[in-house]
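Here are the chains, one letter per residue:
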Amino acid sequence: MACCGQKRAALKEQQIPASTSPGLPYNKNSQNQPENKEIRFKYVGDTSMSLIGAISLIKYSFRFKGDICLVDERDAPALSAEADLQKLSSH
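Here we summarise the structure given alongside this text. Just so it is clear, the structure is predicted and the values come from calculations on it, not from any experiment.

Observations concerning the nonpolar core
Right, so step 1: If you look at the biggest cluster of nonpolar residues, it comprises 12 residues: Ile39, Phe41, Tyr43, Met49, Leu51, Tyr60, Phe62, Cys69, Val71, Ala76, Leu79 and Leu85.
Right, so step 2: Within the residue set of this core, elements represented by two or more residues are strand E1 (38–43), strand E2 (49–52), strand E3 (59–62), strand E4 (68–72) and helix H2 (76–80).
Right, so step 3: In terms of residue count, the dominant contributor to this core is E1 (three residues).
Right, so step 4: With near-sequence residues (within four places) excluded, isoleucine 39 lies in contact with Cys69, Leu70, Val71, Glu73, Ala76 and Lys87.

Encoded structure:
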């Protein structure tokens, strides 16, 4: 049976390509990732609100009532659950 140190060394030899590493922020300029559609959200709350996209890790800041932000489509389901945000129809 292999000892813990040998298993650890074997794991270090395995390399995960950067394009598939989890937790990396969305980068529109990356040539390895397809371009994602952006969806508009309108803030209807009374103060300001900042959120971090659940998938893209992009920070979205709504500064005032009526402020509109473009949101990565991958983050849209999570932002749709926010009571103070309205998803706007695309034109």
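Side note on the pattern of salt bridges
Right, so step 1: Within the structure shown, the criterion is met by three salt bridges.
Right, so step 2: Among the ionic pairs, aspartate 67 bridges to arginine 63, the shortest N-O distance being 3.5 Å.
Right, so step 3: We classify arginine 63 as exposed; its relative accessible area is 59%.
Right, so step 4: Of the charged contacts in the structure, one is a salt bridge between aspartate 72 and arginine 74, with a shortest N-O distance of 2.9 Å.

So, the pairing of E2
Right, so step 1: Alternating positions in E2 separate cleanly, Met49 and Leu51 being buried on one face and Ser50 and Ile52 remaining unburied on the opposite face.
Right, so step 2: Across four bridges, E2 lies against E3 in antiparallel orientation. Following the sheet pairing, serine 50 is matched in E3 by serine 61.

What counts, and where the lines are drawn
- Residues numbered from 1 in each chain as written.
- Predicted model: local features only at pLDDT ≥ 70, side-chain atom pairs only at ≥ 80, totals over all residues.
- Heavy atoms only, no water.
- Core = buried A, V, L, I, M, F, W, Y, C linked by side-chain atoms within 4.5 Å.
- Buried < 20%, exposed > 50% of the residue type's maximum accessible area, 1.4 Å probe, protein only.
- Helix = DSSP H or I, 4+ residues; strand = E, 2+ residues; numbered from the N terminus.
- Contact = heavy atoms within 4.5 Å.
- Salt bridge = Lys/Arg side-chain N within 4 Å of Asp/Glu carboxyl O.
- Pairing = 2+ DSSP bridges.

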